[in-house]
Amino acid sequence: MGGSEDGGSCNLLQVLFEGAVAGGAAGVVVETALYPIDTIKTRLQAAQGGSKIQWKGLYAGLGGNIVGVLPASAIFVGVYEPAKRKLLEMFPENLSAIAHLTAGAIGGAASSLIRVPTEVIKQRMQMSQFKTAPDAVRLIVAKEGIKGLYAGYGSFLLRDLPFDAIQFCIYEQLRIGYRLAAKRDLKDAENAIIGAFAGAITGALTTPLDVMKTRLMIQGQANQYRGFIDCAQTILREEGAGAFLKGIEPRVLWIGIGGSIFFGVLEKTKSVLAERSSRRDAKLKL
């Protein structure tokens, strides 16, 4: 029994490690490639009334964002993969969607401790509130305390936990269906296309939550909104229901392309790591 448990633990640790490496690589590639679209989306969402957005500095805050995205993406996938494996063992095959939804939410919750400060700093730099990430951290903490780095944390979870759960569930379920129909493993391009579709659909569905998250994160000491519900009520009262869809076009474009790149890089990195691991195991047996 002991040997079996040790083997299971080692296997889960390997899944965690490979997921972390693959997730970190995928996250960095996506952020670097699509950062300008994200900046435009943020500025569109932050614009109130008929105010114009700035088109300069579309890469503002990229360096500091990468520093946060790398560990956050690594933690997300590193937690998601073993959680998914365990949950799929617990649920019957016809309920695999629940396992994928739950694993996505668990991964999102685990990575949020890094993702939220990263997002706060990124969005404030995108709005030209700070010039460098270290300055942003120092001044936010000095003026607002540590809690300033977690501004909009509740709205972030309300947006990202369903986002992560839905996106990964759609992606995994489409891959299962496609594999059964094609009766073979998926090619890299097919993983990328499915990832793009999952990202675009999820991005559109969660845009209202993203608008509120953006407003809460960038308000700083102004405290225009007292919380998530007050933010929703204020936007609805002052700007109308249409304001909840601000930035939907660049968001769907960004997350759709991002989903294609992220899942394409993720699956490729996982397969490379798995091949390397199997070759190493074969050598050890010799």
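Residues numbered from 1 in each chain as written. Predicted model: local features only at pLDDT ≥ 70, side-chain atom pairs only at ≥ 80, totals over all residues. Heavy atoms only, no water.

Going by what an unreviewed UniProt entry lists, the chain is known as S-adenosylmethionine transporter and is assigned to Urochloa decumbens. As stated in UniProt under Sequence similarities (unreviewed entry), the record for the chain gives "Belongs to the mitochondrial carrier (TC 2.A.29) family." (UniProt positions renumbered as here; feature names shortened; annotations may be inferred.)

Participant: Would you take a moment to explain the pattern of salt bridges for this structure?
Facilitator: The final tally for this structure, using the stated rule, is 22 salt bridges. The residue D135 makes a salt bridge to R138 at a minimum N-O spacing of 3.0 Å. Here the residue D135 and the residue R138 both occupy positions in helix α4 (residues 133-144), the gap between them amounting to 3 residues, near one helical turn. Overall, the relative accessible area of 29% leaves D135 in the partly exposed class. For R138, a relative accessible area of 51% translates into the label exposed. Between E190 and R184 there is a salt bridge, with its nearest N and O atoms 2.7 Å apart. Salt bridges linked by common partners bring D38, K41, E119, K122, D210, K213 and R251 together as one network. (Salt bridge = Lys/Arg side-chain N within 4 Å of Asp/Glu carboxyl O. Helix = DSSP H or I, 4+ residues; strand = E, 2+ residues; numbered from the N terminus. Buried < 20%, exposed > 50% of the residue type's maximum accessible area, 1.4 Å probe, protein only.)

Participant: How do you make sense of unusual backbone geometry when you look at a structure like this?
Facilitator: Glycine aside, residues mostly have negative phi angles, and peptide bonds mostly take the trans form. If you check the backbone angles, S128 has positive phi at about 60 degrees while not being a glycine. Along the chain, S128 turns up in the loop between α3 (96-126) and α4. One non-glycine residue, K183, lies in positive phi territory at about 55 degrees. Within the secondary structure layout, K183 lies in the loop between α5 (153-182) and α6 (188-205).

Participant: Can you help me understand the environment of A142 in this one?
Facilitator: Note on placement: A142 falls in helix α4. The exposed category is assigned to A142, whose relative accessible area is 63%.

Participant: Before we go on, may I ask you to explain the environment of A198 in this structure?
Facilitator: With respect to the helices and strands, A198 occurs in helix α6. Judged by its relative accessible area of 0%, A198 falls in the buried class. Not counting chain neighbours up to four residues away, the residues in contact with A198 comprise Q167, I170 and Y171. (Contact = heavy atoms within 4.5 Å.)

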